Amino acid sequence: MAHESRAARPPVLLRAARLLDIDKGELVEPGALLVTGEHITAVGRTERLPEDTVVRDLGDVTLLPGLMDMEVNLFLGGPDHRSPLIPVQEDPAVRTLRAAANARRTLRRGYTTVRNLGLFVQTGGVLLDVALKKAIDLGWTEGPRVVPAGHAIAPTGGHLDPTMFQAFAPGVLPLTVEEGIANGVAEVRKAVRYQIKYGARVIKVCASNGVMSHTGPAGAQQYSDEELRAAVDEAHRAGVKVAAHCMGDSAVRAAVEAGIDCIEHGFLASDATLDLMARRGTFLVATTCLTERMDTEHADPALRAKAADVFPRARESTARAIRRGVKVALGTDAPAIPHGKGALEMRALVDRGMRPLQALRAATTVAADLIDADDRGRLEPGLLADVVAVPGDPLTDITVTERVTFVMKGGQVYRDDAPRP
């Protein structure tokens, strides 16, 4: 179903069997929301409706706040998950068109906000995700609200130096400081300033090695403590948070002590480091589903061996983080798993020990806290009308979030195939 016009719309009353009060952790029956323009204006029974109100009866479904995925790269991965192209066959225009398709798919699966965590490609310095955000915000193309990072910032040979994924020869795909390859405190500061200047709303740095790159053992710290502190200092003075790709225990601890706001993955963090994260209020985006579902079949044998060693340990680390009270926000690392499959991450979080309500909060209230967004994450008057409908009871069966039937973002309907009575 095509989204509705941005022209002035009459108020809409959404009726459903149930509505999730995310703070109380309970279902309200029956569920009803009055939407006026881009915002929710009333919740529950409304005695008097404006005369021109349109009533939309969604049937036997549960209304949820719009879901959020805190780690995606919309510019990678094709419609069938894999891309038929290799990096040297692509240019910024192709990547942006692909991102538009991935954004549409993500929105229609119920994810109304995403963090796009870092380009690592040649663009001539253009921040493609900032451009995509503008196009979505202007209504030119369908997609979630995008929190863009611009270019991911990594040292030469770091995990997000793109030549590391294919072990290319020297001179292939060189990146400038503006495009994220930064060495030393001065270059790190320049790279951060450049991303913020051109529209980044979060900074992504590469604090440690990863699994699927040719850079040695997984988790080794790559940026020095001084470089990490420089990135944090520049970003925080501009009111921007910093996310760090980080896996190894000592690297995670160094990132937390440097003031990094959010650890991506954290696969090999110790109990002591997780306790430090809990005390500091450092967020974790665990991306735990990919440890079971990421396709490594065609990877280099050395990378497959690394994954076979790290992924089981990572699953256990996520479970320990949940038990120790670390603030875990949902993120998929798509296309490590296909775009629009964030519900699989929620299922994986429940498998690691979260209650379904906790997993739902990871994708709503905790994610909203991570991006400092007090205008979404709940179904309350005055907040953005980002609304998703799913069949059944998500508090007892988290897998119902895999069967989204209705999606509204900012009062506009982008999907409506809810079964009617």
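Below, the structure is looked at part by part.

Reading the values: the criteria
- Residues numbered from 1 in each chain as written.
- Predicted model: local features only at pLDDT ≥ 70, side-chain atom pairs only at ≥ 80, totals over all residues.
- Heavy atoms only, no water.
- Axes fitted to C-alpha atoms, helices over the stretch in contact; angles between N-to-C directions.
- Helix = DSSP H or I, 4+ residues; strand = E, 2+ residues; numbered from the N terminus.
- Parallel < 35°, antiparallel > 145°, perpendicular 65-115°, else oblique.
- Left-handed = near helix turned anticlockwise from the far one by under 90°.
- Contact = heavy atoms within 4.5 Å.
- Nonpolar A, V, L, I, M, F, W, Y, C, P; charged D, E, K, R; others polar.
- Polar contact = N/O pair within 3.5 Å; in protein donor to acceptor, adjacent residues only side chain to side chain.
- Expected span 1.5 Å × (residues − 1).
- Buried < 20%, exposed > 50% of the residue type's maximum accessible area, 1.4 Å probe, protein only.
- Lys, Arg positive; Asp, Glu negative; His and termini not counted.
- Salt bridge = Lys/Arg side-chain N within 4 Å of Asp/Glu carboxyl O.
- 1 Å grid on protein atoms, 1.4 Å probe; cavity = no way out; pocket = protein on both sides within 12 Å on 5 of 7 lines; lining within 4 Å.
- Points joined across faces, edges and corners; volume = space filled by probe spheres on them.
- Pairing = 2+ DSSP bridges.

**Considerations on the packing of helix α4 (residues 184–197) against helix α5 (residues 225–237)**
(1) Moving on: At a closest axis distance of 9 Å, the pairing of α4 and α5 adopts a crossing angle of 30 degrees. Considered as vectors, α4 and α5 are oriented roughly parallel to each other. Seen from above, α4 lies across α5 with right-handed handedness. Where α4 abuts α5, its residues G184, V185, V188, R189, V192, R193 and I196 lie against E226, E227, A230, A231, D233, E234, A235 and R237.
(2) Moving on: Within the contact of α4 with α5, the residues separate by chemical class into 7 nonpolar, 1 polar and 7 charged.

**Examining the side chain of T62**
(1) Moving on: Positionally, T62 belongs in strand β7 (residues 61–65).
(2) Moving on: In this structure the side chain of T62 is engaged in a polar contact, spanning 2.7 Å, whose partner is the side chain of R18.
(3) Moving on: Setting aside its immediate chain neighbours within four residues, T62 contacts R18, L19, L20, L27, V388, A389, V390, G392 and P394.

**Focus: helix α1 (residues 92–108)**
Residues that lie three or four places apart on an α-helix share one face, since the helix turns once every 3.6 residues.
(1) Moving on: Taking 1.5 Å of rise per residue, 17 residues should cover 24 Å, and α1 covers 24 Å from first to last C-alpha, within 8% of that figure.
(2) Moving on: Looking at α1, one finds that the buried residues are R95, R98, A99, N102, A103, T106, L107 and R108.
(3) Moving on: Contact partners of the buried residues in α1: β9 (111–116), α2 (128–137), β17 (406–409) and β18 (412–416).
(4) Moving on: The N-terminus of α1 is capped by D91, whose side-chain oxygen sits 3.1 Å from the backbone nitrogen of A93.
(5) Moving on: Of the residues flanking the end of α1, it is G110, one or two places downstream, whose phi is positive at about 105 degrees.

**Quick look at unusual backbone geometry**
Across residues other than glycine, the phi torsion is negative in most instances, and most of the peptide bonds are trans.
(1) Moving on: With omega at -15 degrees, the peptide bond leading from E29 into P30 counts as cis.
(2) Moving on: Tracing the sequence through the fold places P30 in the loop between β3 (26–28) and β4 (31–36).
(3) Moving on: Of note, the bond from A334 into P335 is cis; its omega dihedral lies within 30 degrees of zero at 20 degrees.
(4) Moving on: Unusually for a residue other than glycine, H265 sits at a positive phi of about 90 degrees.
(5) Moving on: Along the chain, H265 falls in strand β13 (residues 262–265).
(6) Moving on: Taking the relative accessible area as the measure of exposure, H265 reaches 4% and is therefore buried.
(7) Moving on: Phi at D333 takes a positive value of approximately 60 degrees, unusual for a residue other than glycine.

**What about the side chain of D161?**
(1) Moving on: Looking at the element boundaries, D161 is found in the loop between β10 (145–148) and α3 (163–166).
(2) Moving on: For D161, which is buried and forms no salt bridge, the nearest opposite charge comes from R95, at a distance of 12 Å.
(3) Moving on: From its side chain, D161 meets the backbone nitrogen of G157 in a polar contact 2.9 Å long.
(4) Moving on: Aside from chain neighbours lying at most four places away, what touches D161 is A154, P155, T156 and I181.

**Structural notes on the environment of A367**
(1) Moving on: Mapped onto the secondary structure, A367 falls in helix α12 (residues 365–370).
(2) Moving on: With relative accessibility at 0%, the residue A367 sits in the buried group.
(3) Moving on: Residue contacts for A367: discarding those within four places in its chain leaves M68, M70, A329, R361 and A362.

**Here we look at the layout of surface pockets**
(1) Moving on: Of the volumes computed, that of the second largest pocket is approximately 330 Å³.
(2) Moving on: Lining the second largest pocket are 18 residues, and of these V147, R201, I371, D372 and A373 sit closest to its centre.
(3) Moving on: In terms of residue count, the dominant contributor to the lining of the second largest pocket is β10 (4 residues).
(4) Moving on: When its residues are assigned to classes, the lining of the second largest pocket shows 8 nonpolar, 1 polar and 9 charged.

**Structural notes on the sheet that holds strand β16 (residues 387–391)**
(1) Moving on: Sheet architecture is open: 6 strands sit in the order β3-β2-β7-β16-β17-β18, paired in mixed fashion. The open sheet has two free edges, formed respectively by β3 and β18, since each of these has just one partner strand. Averaged over all adjacent pairs, the angle separating strand axes in this sheet is 25 degrees, with direction ignored.
(2) Moving on: Here β7 pairs with β16 via 5 bridges, running antiparallel. From the neighbouring strand, P65 faces β16, where its bridge partner is V387.

**Quick notes on the pairing of strand β1 (residues 12–16)**
(1) Moving on: For β1, a buried count of 4 out of 5 residues is recorded, marking the element as mostly surrounded by other parts of the structure.
(2) Moving on: Bridging between β1 and strand β6 (residues 54–57) involves 4 bridges; their strand directions are parallel. For R15, the partnering residue across the bridge sits in β6 and is D57.
(3) Moving on: The sheet contact formed by β1 and β4 spans 5 bridges and is antiparallel. In the sheet register, L13 faces β4, and the bridge partner there is L34.

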